[in-house]
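Structural overview for review
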Amino acid sequence: MELNIEQHDNSEKSLLRLDLQGRLNTGTAPMLDTTLQQAIDGERQMVLLNMAQLEYISSAGLRVIFKAAKQMKAAGRSLAVSNRQPQVEKVFEILQALPDMAVFASDAELDDYLDAMQKKVTGDD
Amino acid sequence: MQRRSFTTRLTLPVIAIATLVIGAGLALDYQLSKNRLLTIVEGNARQVVNDAAQRIDEMSTGVETAVRLLSSALQSTPDEALATRLLRSALASNRHIDAAAIILAPGADSAPQIYLQRRHVEHADMARSAAPTSAQLQRWLDEAEREGGPFWTSAATTGPEPRAAFFIEPFPDQQSTTPLGLIVVAVALEDLHGYLEGLRIDHDGFGFLLTPTGVAIGAPRGIVRATDADTLLAPLSAIDWDRWFADPAAPLRTRVNCPRRAGECDLHVQAVQDSRWFVGTVYSPQALLQPLRDYELRTVALGVAMLVLMAALVIAITRHLTRPLLSLTAASEAIARGQLDGELPPMHANDELGRLVHSFDTMRQDLATHIHTIEQAAEQRSRLEGELSAARDIQMAMVPQSGEAYRCAGYALWARLRPARAVGGDLYSFEERGQVLRFAVGDVSDKGVPAALFMARAMGLIQQWERDDATITPAQALRRLNRALVRDNDNCMFLTLFLGELHLTQRTLNYASAGHTPPLLLRDGTVRVLEQERGPALGLADDLEFPDNRLTLASDDRLVIYTDGFDEAMNPHNDTFGDARLQQAVTEADDLPLPDAGAALFNAIDEFADGCDQADDMTLLLLEPGERRNRPLQVSGTSLPVDAMLVEHATHWLDEQWQVQGLWAEGLNELQLVQEELLCNLRDHSGLDASHTITLTLQRYASRVELECVDPGPAFNPLQDGTRSPLGASIDDAAIGGLGLHLITRFTDRQSYTREHGRNILRLTRAFPERNTQS
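Residues numbered from 1 in each chain as written. Chains lettered and ligands numbered in written order. Predicted model: local features only at pLDDT ≥ 70, side-chain atom pairs only at ≥ 80, totals over all residues. Heavy atoms only, no water.

1. A look at the interface of chain A and chain B
Here is the rule we go by: For this analysis, residues touch if any pair of their heavy atoms sits within 4.5 Å. Summed over both partners, the accessible area (1.4 Å probe) lost when two parts come together is defined as the buried area. The salt bridge criterion pairs a side-chain nitrogen of Lys or Arg with a carboxyl oxygen of Asp or Glu, the two atoms within 4 Å. In protein, a polar contact requires one atom able to donate a hydrogen and another able to accept it; more generally it is a pair of N or O atoms within 3.5 Å, and residues adjacent in sequence count only if both atoms are side-chain atoms. Put simply, DSSP H or I for four residues or longer makes a helix, DSSP E for two residues or longer makes a strand, and each gets a number counted from the N terminus. Classes in brief: Ala, Val, Leu, Ile, Met, Phe, Trp, Tyr, Cys and Pro nonpolar; Asp, Glu, Lys and Arg charged; the others, Gly included, polar.
In this assembly, 20 residues from chain A lie in contact with 25 residues from chain B. For the pair chain A and chain B, the summed buried surface comes to about 1,900 Å²; carbon and sulfur atoms form 57% of the total. In this assembly, chain A and chain B are joined by one salt bridge. Here Lys90 of chain A makes a salt bridge to Glu670 of chain B, at a shortest N to O gap of 3.1 Å. Summed over the shared surface of chain A and chain B, the number is nine residue pairs in polar contact (both at pLDDT 80 or more). With five residues, helix H2 (residues 59-74) of chain A is the largest single contributor of residues to the side of chain A that touches chain B. Residue composition of the side of chain A that touches chain B, by class: seven nonpolar, six polar and seven charged.

So, in structure tokens, the structure goes:
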């Protein structure tokens, strides 16, 4: 089983959502890396990795995600993950790998966050 | 530094306090004395002036009285005889009068006539000066007329400087008011010197007189002069004498220059009582206060001297008192450096310090004695330990494989002997002869050297049986052993012993026990105590009988033979390990390979003991008649080239085999992760390429699954040599492969690495999530 990535661009929320489906391992990590580099070159304020259908993740995959998170943060933007399945979450936890990332357990949580950010931005304006 | 500091700490405060006390005392005394001294000094000065004034008054009054008497005697123009007589009597009546003269006023056509008498012939000058010129005479007459009576003057007849003061009184004609002439008496200025000296208050100042007519007589520079006040005092200060004479009742006080040195002096003029004379003094207030200043100096000098003396005394006393303390300090420092043979300072006094030195000396001697004793004991002990260590080596050399044995040849046997002390009385032994394995586990009563010696004796006899090809059952062997051990056993040492004889092909076990704890039998995951008929312990009585026991073992049975050091192990709460815990530990180790199981049992005891010393010797012998229980239930293997597709192929293979072996589905994901991390590391960092292959093996055991990876790369133990990246740190800093290692250790239960035949062998074991869910 390989990795499928679907991109959903939401310019209104300045959010690029990548739906990951399948296995993120040493074989498929380069593919995600390419996709993420394109996303970083884009203009969206937040890139979200939706892991609802991600069954497997290895350290090679995590490495790609970390790299992207670091780049996004340096650019003043953010990389977030959501909907991690238990086995994926476990790997994240073992490697204590969330320093530069936002994590959302569900889409609702994400929406709340985005709404809050939106209000903050318009409020400041 | 320490020494000095103690003395200093004692000396300084004492000196400081003494300084304060003495200083305060002297200051108070000075303050009180100063006022009193000032009063005295001022009183003295006043008294000096008053006394002088008194005497001057007497002198002037005397002179004037004498002249007045002379005047009253001259009623008409005297003849020479009368004049001479009168003048002589005047000279005789007053010793101050140096010369006296009667001068008749000149007529219209005649020169003045002078009658003169002198006290001393040598006063020729005086006589001359007493003979006035006509002009002088006329001035005196005019002056007398102006004054309307007698007056004092200093005018000299000749010479620039008068040497006498003159008192001049006109005597009148009885018929007219025109004076007939003048009576002149001269008082030698030198005679006045004594009076002036009386007016002098200090060496720098001087005294002077002021006559009613303004003549000033004084000796500012040691020579008496009679002149007008302005002339006399001109160098000192300009004083408006006319103004003062206008109202001489008020004493004159003013500041003038000191006559003989720089600085300011006081000038003080006051009227002589009941007289028209005035006395003046010029004096230096500084000089007046000189006694006070002397007193100050004396006080300070005395204070300093007292302080120096006292400081010297304090330091001397302190040194004297602290000398023993300093020697004691030096001695204790020497002792601290380990020099225990140094003598302490002699102390004869029976004070605290004396007692301290005495007790310190006692302590030093005791310490030296103790250290000597300890050194001897340590030496003795190290010798004994050396001997015991050699004894231990010898004893361990008696048992197979020196105390920890493992043999795996169709059957598996593992044994370990752990004495409580250097040597002990436990024993194990085994010997394989053809298809027969004979083995023994025993325990001599007591511990330590006596037990070890008895054990050595028994050991020889046991091994003799084990190597005997004749058919001797364990029970017969026990009987023989007993007979041998009973002989010359006056100490009544005894031995419990388990002897076993396993026929490897039929797996039949003959065994006999001489008072030994029954072994445990682990079969099908449960433990039971081996049934046995047993005889008494060996060595106590002759001609004992021992029953033979017989049992057929299953191929996956495990026999656990132990000495009472196991079940009687104690923890800090004085609980014994006991049979129940031992059986549980044996059950829990069921899955483990034999050496691991043995080690696990020892660990269980050590954990239970929780640091308590091992009370008794411990021996454990594990025996498995077949090899089957060590074999996996199912094995799958594959060889893959180290190429780009390595991980993908391996993943695919593991997916398949996991299904084939019917392993629990939830475990696959994590084992896949483990395998991927392992292979990525291998692919990227071992230096292997597509020309090399690695071998993967998946083995299912009763309750665990084992993944084995064998690679031909250079020796590398990832479990020890691999760098683990610190977790939670930035990903950029993580070492290569460092993260994967965390995942491998977290997702497997046991990891072991060996290097065999130029290959790295890594075995990763994962227990089934629930015991016995897989069969």
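2. What about the sheet that holds strand E8 (residues 225-228) of chain B?
Residue and element names in this part refer to chain B. Put simply, the rule is: For two strands to be treated as a pair, DSSP must find no fewer than two bridges joining them. Note on geometry: axes are C-alpha line fits, over the in-contact stretch for helices, and angles between N-to-C directions span 0 to 180 degrees.
Taken together, six strands build an open sheet; the order of strands is E8-E7-E6-E11-E10-E9 and the sheet is antiparallel. Edge positions in the sheet fall to E8 and strand E9 (252-257), since each has one partner strand and no second. Adjacent strand axes in the sheet meet at a mean angle of 25° when their direction is disregarded. Here E9 pairs with strand E10 (residues 264-271) via six bridges, running antiparallel. Its bridge partner being in E10, Asn257 is matched across the sheet by Glu264. Taken strand by strand, helix H5 (residues 189-199) contacts strand E6 (206-210), strand E7 (215-218), E8 and strand E11 (278-283), and its axis lies near 120° from that of E6.

3. A word on a positive patch on the surface
Residue and element names in this part refer to chain B. For clarity, the threshold we go by: Only residues whose relative accessible area exceeds 30% and that form no salt bridge enter a patch; like-charged residues are grouped when within 9 Å of one another, and nonpolar side chains (Val, Leu, Ile, Met, Phe, Trp, Tyr) when within 5 Å. Each accessible area value is a Shrake-Rupley result obtained with a 1.4 Å probe; residue values ignore everything except the protein chains displayed when judging cover. Charge counting treats Lys and Arg as positive and Asp and Glu as negative, with His and both chain ends excluded. All charge positions are set by atom: Lys at NZ, Arg at CZ, Asp at CG, Glu at CD. Burial classification: accessible surface area is computed with a 1.4 Å probe over protein chains only, and a residue below 20% of its type maximum counts as buried, one above 50% as exposed, and the rest as partly exposed.
A surface patch of like charges, here positive, comprises Arg457, Arg480, Arg483 and Arg487. With respect to the helices and strands, Arg487 occurs in the loop between helix H12 (474-486) and strand E16 (495-503). Look at Arg487 and you get exposed, because its relative accessible area is 54%.

4. A short note on helix H1 (residues 29-41) of chain A
One turn of the α-helix equals 3.6 residues, which is why residues spaced by three or four share an orientation. Residue and element names in this part refer to chain A. Going by this rule: Multiplying 1.5 Å by the residue count of a helix minus one yields the expected span of that helix.
Over its 13 residues, H1 runs 18 Å from end to end, which matches the ideal 18 Å to within 8%, given 1.5 Å per residue. The set of residues buried in H1 consists of Ala29, Leu32, Asp33, Thr35, Leu36, Ala39 and Ile40. Buried residues along H1 sit against strand E1 (3-10), strand E2 (15-24), strand E3 (46-57), H2 and strand E4 (78-82).

5. Looking at the packing of aromatic side chains
Which entries qualify depends on this criterion: By convention, a stacked pair of Phe, Tyr or Trp rings (six-membered ring in the case of Trp) has centres within 6.5 Å and planes under 30 degrees apart, an edge-to-face pair has planes over 60 apart, and any other such pair is tilted. Each ring is checked for a lysine NZ or an arginine CZ that lies within 6 Å of its centre and within 35 degrees of its normal; such an atom marks a charge sitting over the ring.
The final tally for this structure, using the stated rule, is eleven aromatic pairs over all chains. Plain terms: the ring middles of Phe498 of chain B and Tyr511 of chain B are 5.6 Å apart, the flat faces sit at 25° to each other, and that makes the pair stacked. Linking Phe498 of chain B in strand E16 with Tyr511 of chain B in strand E17 (residues 508-514), this pair joins segments that are 13 residues apart in sequence. With relative accessibility at 0%, the residue Phe498 of chain B sits in the buried group. Exposure remark for Tyr511 of chain B: the relative accessible area of 3% places this residue in the buried category. For the ring pair Tyr562 of chain B and Phe566 of chain B, a centre distance of 6.4 Å and an interplane angle of 70° mean the geometry is edge-to-face. In this pair, the class of Tyr562 of chain B matches that of Phe566 of chain B, namely buried. Grouping aromatic residues by their ring pairs yields a cluster made of Trp414, Tyr562, Phe566 and Phe602 of chain B. The cationic tip of Arg84 of chain A hangs over the ring face of Phe92 of chain A; the distance from NZ or CZ to the ring centre is 4.9 Å.

6. Considerations on the side chain of Glu708 of chain B
Residue and element names in this part refer to chain B. Residue position: Glu708 is located in strand E26 (residues 704-711). Of the polar contacts made by the side chain of Glu708, one reaches the side chain of Arg763; its length is 2.8 Å. Look past the residues within four positions of Glu708 in its chain and what remains in contact with it is Thr695, Leu696, Thr697, Gln699, Ile761, Leu762 and Arg763.

7. Remarks on the nonpolar core
Selection rule: Put simply, a nonpolar core is a bunch of buried Ala, Val, Leu, Ile, Met, Phe, Trp, Tyr and Cys residues held in one set by side-chain atoms that sit within 4.5 Å of each other.
One finds Leu32, Leu49, Ile65 and Leu79 of chain A to be the most contacted residues of the largest nonpolar core, which totals 65 residues. Counting residues per element, this core draws most heavily on helix H17 (residues 665-685) of chain B, which supplies eight residues. If you look at the next biggest cluster of nonpolar residues, it comprises 50 residues, including Ala477, Leu497, Tyr511 and Leu544 of chain B.

8. As for a negative patch on the surface
A grouping of Asp228, Asp230, Asp240 and Asp242 of chain B is seen on the molecular surface, where their side chains present a negatively charged patch. The residue Asp242 of chain B is located in helix H7 (residues 241-246) in this model.

9. What to know about empty space enclosed by the protein
Basically, it comes down to this: Every definition here rests on a 1 Å grid over the protein atoms only: cavities are sets of points where a 1.4 Å probe fits but cannot get out, pockets are open sets enclosed by protein on both sides within 12 Å along at least five of seven lines, and lining residues have some atom within 4 Å of a point. Grid points are joined across faces, edges and corners, and a volume is the space filled by probe spheres set on the points.
Enumeration according to the criterion identifies two cavities of 30 Å³ or more in this entry. Here the largest cavity is characterised by a volume of approximately 70 Å³. As for the largest cavity, its lining consists of Glu55, Tyr56, Ile57, Gln87, Val88, Lys90 and Val91 of chain A together with Asn669, Glu670, Leu673 and Phe747 of chain B. Contributing elements (two or more residues each) for the lining of the largest cavity: E3 and helix H3 (86-94) of chain A together with H17 of chain B. If you tally residues by element for the lining of the largest cavity, the top one is H3 of chain A, at four residues. For the lining of the largest cavity, the per-class residue count stands at six nonpolar, two polar and three charged.

10. Overview of the side chain of Glu677 of chain B
Along the polypeptide, Glu677 of chain B turns up in helix H17. Among buried charged residues, Glu677 of chain B stands out as having no salt bridge; its nearest opposite-charge side chain is Arg63 of chain A, 7.7 Å away. Among residues more than four places away in sequence, those in contact with Glu677 of chain B are Ser58 and Ser59 of chain A together with Gly740, Leu743 and Ile744 of chain B.

11. Comments concerning a nonpolar patch on the surface
A cluster of nonpolar side chains, Leu309, Leu313, Ile317 and Leu321 of chain B, forms an exposed patch at the surface whose accessible area comes to about 410 Å². Owing to a relative accessible area of 52%, Leu321 of chain B belongs among the exposed residues under this scheme.

12. Focus: unusual backbone geometry
For residues that are not glycine, phi is negative in most cases, and the peptide bond is trans in most cases. Of note, Ser14 of chain A is a non-glycine position whose phi angle comes to about 55°, a positive value. Along the chain, Ser14 of chain A turns up in the loop between E1 and E2. Its identity is not glycine, yet Asp488 of chain B carries a phi of approximately 55°, on the positive side. Mapped onto the secondary structure, Asp488 of chain B falls in the loop between H12 and E16.

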